Structure formats: C-alpha cells, structure tokens
Amino acid sequence: MLFLANVLINMYVKFNLLTDAHNVFEKMPLRNVVSWTTMIAAYSKSKQQQKALELLVSMLREGVRPNVYTYSSVLRSCKEMSDVRMLHCGIIKDGLESDVFVRSALIDVFAKLGEPEDALSVFDEMITGDAIVWNSIIGGFAQNSKNDEAMKLFKRMKRAGFTAEQATLTSVLRACTGLTLLELGMQAHVHIVKYDQDLILNNALVDMYCKCGSLEDARRVFSGMKERDVITWSTMISGLAQNGYSQEALKLFESMKASGTKPNYITIVGVLFACSHAGLLEDGWYYFRSMKKLYGIDPVREHYGCMIDLLGKAGKLDDAVKLLNEMEWEPDAVTWRTLLGACRVQGNMVLAEYVAKKIIELDPDDSGTYTVLSNIYANSQKWESVEEIRTQMRDRGIKKEPGCSWIEVNKKIHAFIIGDESHPLILEVNKKLNQLIDRMVGIGYVPETNFVLQDLEGEQMEDSLRHHSEKLALAFGLITLPVGKVIRIRKNLRICGDCHVFFKLASKLEKRSVVIRDPIRYHHFEDGKCSCGDYW
DNA sequence: TTAGGGTTAG
C-alpha cells in the first residue's frame, strides 16, 4: 500500500502535478522517508523553497530521519545560512557527510549564499574526488568573483587527473571573463571545440569575448551557433553596447525579435544601456515607455537606472532627477551613483554634493565618494568641510583603495599599483612613460590637475597623476607587446579624466588600439578617439 | 527519486 502510494506521488510529480501529488501524500496513513523526500524534492525543484523546508520540519517532527536524497534536495531550497548550518549538523549527525551528492549540494549552497570559504572547507574534507564536486567548487568560486581561486582550483583539478567537461569549462570561462584574460580564455576555447553546440558553454564564450573586448571573436561564435536562447541574444546585445556599438546592439535586438525569441528584463536593460551609451534619448524613451505594452515587462530599478544615466549624461539632469523621484522604490546607492556620474559629465557640482552625501548615507564604506565630496569642497575652498570628511573617513576606518592595473603579456599577468616600484621593469616603464608624456606635451597635452568630479573614484592627487596605474600598464604594454597587437588593460578603479585624454592621445601617437576595462565599463581607444564618446 | 555551467544600470 505504502509502496503503491509512493509510486503514485512520483508519477504526479513527474507530470508536474504537484497539487495531486500533495493530495495523495496528505491522505497516506503511513509515510516513509521516500514519501517525504519525493515531496520535498518536488517543491525544491519547483522553487517553492518555503514549502520544502516546512515539509522537512514536519518530517523530523514525525521522527523520520532524512537520507542523502532528502538532504541534497532540501539544501537547494535554503536561503538562510542558519538553515544550512542546521542541516549541516544533521548531516554530520546522520553520518552522511561523505556522500558526493550531499557534499556537492553543500558546496553549491554555501557558494550561492556567498560563503565560498565554507564551501571550500567542505570540499577539502573530501578524500576521494568526484568530477561533479570539483565542478561545484570551481563554479562556486567563479560565481563569487573569486576568479584567481577558481583558476587555481581548476589547475588542482587537472593535476588530480580529472578532465574538464562542459560545466568545468563554463566556470573557467567565467573566471577568465572576470579577470579579462583573453589569452587564457582563448586557450579554454580550444578545449571547448569538441562541445561546439553546447548552448550554455557558447553563451559563456560569447560573454567572455565581449567582456575581454574582442568583438570579432564574439560575433564569430555568435554566428556559428545553431541554437540561441534569450541569454545568447541578451549577452550579445549588452556586449555590443558595453563596447560602444550601440546601433549594432539595437539592430541585433530587432533580429532577435524577428527570430521569435522573447526578450526578458535583462534584454531590455541591454537595449536601454545601448541607448544611454550613444545618447539616443528618443529611442531610450520609446523602449522604456513601451516595454510593458510590447513585451509585458514591468520596468524595474535597473531600467530606471539606465534611463537616469541616459537623461543625465545627455544634459537632462532635471529630467533624470524627476525620474529618480518617480520610482516606486527608494533609490539605492547604485542609482545615486548613476546620477553622480551624470553630474560629472555635466559639471554640476551643486547637485553632485547633494548626491554624494546621499551615497555616503546609504553606503558609508564607499571610499571613492568621500574623495569626490572632499574634492568638491577643496575646489570651493571649504577647508573645514574637507577636514570634516577626512575625520569621518578616519573614524570609520575607510582607506582609499590604491589604483591598480593589470595587463596580460605572454599569458602572464603583470600588476601595476600606484606608488609601487617593485615591477622588475619599472625603470624602463617610467622612462617610456616620461618620453610619451613629453611627446604629448609637445602637441599640446596639458595634464588635468583639476580633479573636481574628474576622478570618479578618487585614485590619487596631482603628485601621482603622471603615474596612474593604467599609464604604467600602457607603457609596459608598449615596451613588451608586438607592434599591431591590441593592448588590453583592466583596472580596479574607474578611469579618471586625465588618463582618458592621455589614452586618446597615446592611441594616436603610438598608432595602437588600447582597451581598458574599469569596474563599470569599457573604453576602446583608437586613433585619438574613444568608443565611449567621452561619455562615461 | 538526487548533483555541477551562461545574460543585468553604476
């Protein structure tokens, strides 16, 4: 009888008839661990996390102990660390911690809740390996932007004799994307060729090439794909927009619709971002106002953010503020920061001061905003306020993050940190940089020393302006990379106004393409121009 | 009866 009822529940679940399954389950006079687990797994899979957890509690109350199936499904439903910890204790008590299913579920949930170190300790207790567990841990670190760690684990995995398969390679690509390591990503691409029609892997590949600033490769992968889903299209649309190809992004959006793929809210973020990147005010308004009617998607915070960016940078600061006030949510630090960026482009210091204060209220650890505020006060000779900001920073223990830039040469990463002279070629780098600056001054370059609103994240003051980390990385690239090769630099802070002018001139004088990726966006410098249209 | 991978304004 019990066996038959379990079979029946299972059948309903398979056909996605959860209510029917639950009805049978409720009427059972006797339930065993299989009955409970089938229901818990079904709720867990259909994203009814609360229900799954409630069922587990009832199950324990009736004195039925969970097995490995129960634990691995219910773990996926945890949204709170406290629940995971409780389950982890139960797992140890029941002696199930060495099961690979349980282990990979634990690793996965720790990583998803942003605790990759806990995931690693579960992983490290493992004696015999399993490919899936390796994939879980590598994916966990990649998802938490711990890209160096993900790459190290990948090397360990290979040393341990495991072969990389689709899931591994997808995480590796994600890590390369986060680190902007094009060469390494291309190396991974070689291993991917055998899975050339894996949709997820191809999507990750398109993203990697876009984010590493290699649009030709991204387009090639994209056109070679036999199957594309909404993520493929969205990735390519955002990628084009981020790299300054707004018109192409909007055209691709039309092709996407023609292909019959329905856009989701992320697609529309990409579309609006394309508009904001190119200052396409009317198009932006059109998509924003019609998204609900045409695609059934309600505008959320991110869409408002794009519009605020678009309006503000196009000189409509008043409209941007109006839209921000019209939102049905309280603006968060990110939204205010969008407006601060617009104040920078428009040179509106009065509004910038107000906005910077709002950001600090919401995000008191944001060191860059203190610098912006302090620069605003310094510029209007409000020295008392400058001192106040410094005291605040000291009291709150906030330190400026030093500017750092990375460049990949011969598959090795070279880091340049402002004020750090430890790079073995630093003397040559400085020599090259000084030569370059002298040549630029000769054609009219004046280093920008007015930092007010120039330096969005406040890297350093004038004295070190000459040696901002991206300038050092550029000089190093010019010395070491062959003529004609694109110089790709990633940096931890946003590029400042002076470096932006500098890089435009450098691209012309040295006849080099340079791509800089800052934490927010991409700049392609070529022949004296930047893909952002001085609009960042 | 169970597992691992991809897109989002600043």
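Residues numbered from 1 in each chain as written. Chains lettered and ligands numbered in written order. Predicted model: local features only at pLDDT ≥ 70, side-chain atom pairs only at ≥ 80, totals over all residues. Heavy atoms only, no water.

1. A short note on the protein's contact with DNA strand B
Next, step 1: The immediate surroundings of DNA strand B are formed by 52 residues, with Ser72, Asn135, Arg174, Asn203 and Val334 found nearest.
Next, step 2: One nitrogen or oxygen atom from the side chain of aspartate 198 is found 3.0 Å from a base nitrogen belonging to DNA strand B.
Next, step 3: Interatomic distance of 3.3 Å between a side-chain N/O atom of threonine 235 and a sugar or linking oxygen of DNA strand B.
Next, step 4: Counted by class, the surface near DNA strand B contains 17 nonpolar, 19 polar and 16 charged residues. (Near = heavy atom within 4 Å. Polar contact = N/O pair within 3.5 Å; in protein donor to acceptor, adjacent residues only side chain to side chain. Nonpolar A, V, L, I, M, F, W, Y, C, P; charged D, E, K, R; others polar.)

2. Focus on the UniProt feature "repeat: PPR" (unreviewed entry) in chain A
Next, step 1: The UniProt record marks residues 32-66, 99-129, 130-164, 198-228, 229-263 and 366-400 with the feature "repeat: PPR" (unreviewed entry), using the residue numbering of this structure.
Next, step 2: Along residues 99-129, the helical share is 71% and the strand share 0%, with 11 Å between the first and last C-alpha atoms.
Next, step 3: With 74% helix and 0% strand, residues 130-164 has its two end C-alpha atoms placed 12 Å apart. (UniProt positions renumbered as here; feature names shortened; annotations may be inferred. Helix = DSSP H or I, 4+ residues; strand = E, 2+ residues; numbered from the N terminus.)

3. A few points about helix H26 (residues 469-480)
Next, step 1: Along its 12 residues, H26 runs 17 Å from first to last C-alpha, staying within 8% of the 16 Å computed at 1.5 Å per residue.
Next, step 2: Most of H26 is tucked away: 10 of the 12 residues are buried.
Next, step 3: Every buried residue of H26 is accounted for by Ser469, Glu470, Lys471, Leu472, Ala473, Leu474, Ala475, Phe476, Gly477 and Leu478.
Next, step 4: Next to the buried residues of H26 lie strand S1 (404-409), strand S2 (412-417), helix H25 (426-442), strand S3 (487-491), helix H27 (497-509) and strand S4 (514-517). (Expected span 1.5 Å × (residues − 1). Buried < 20%, exposed > 50% of the residue type's maximum accessible area, 1.4 Å probe, protein only. Contact = heavy atoms within 4.5 Å.)

4. Remarks on the side chain of histidine 423
Next, step 1: The residue histidine 423 is located in the loop between S2 and H25 in this model.
Next, step 2: In this structure histidine 423 touches His414, Ala415, Phe416 and Phe476, once residues within four positions along its chain are discounted.

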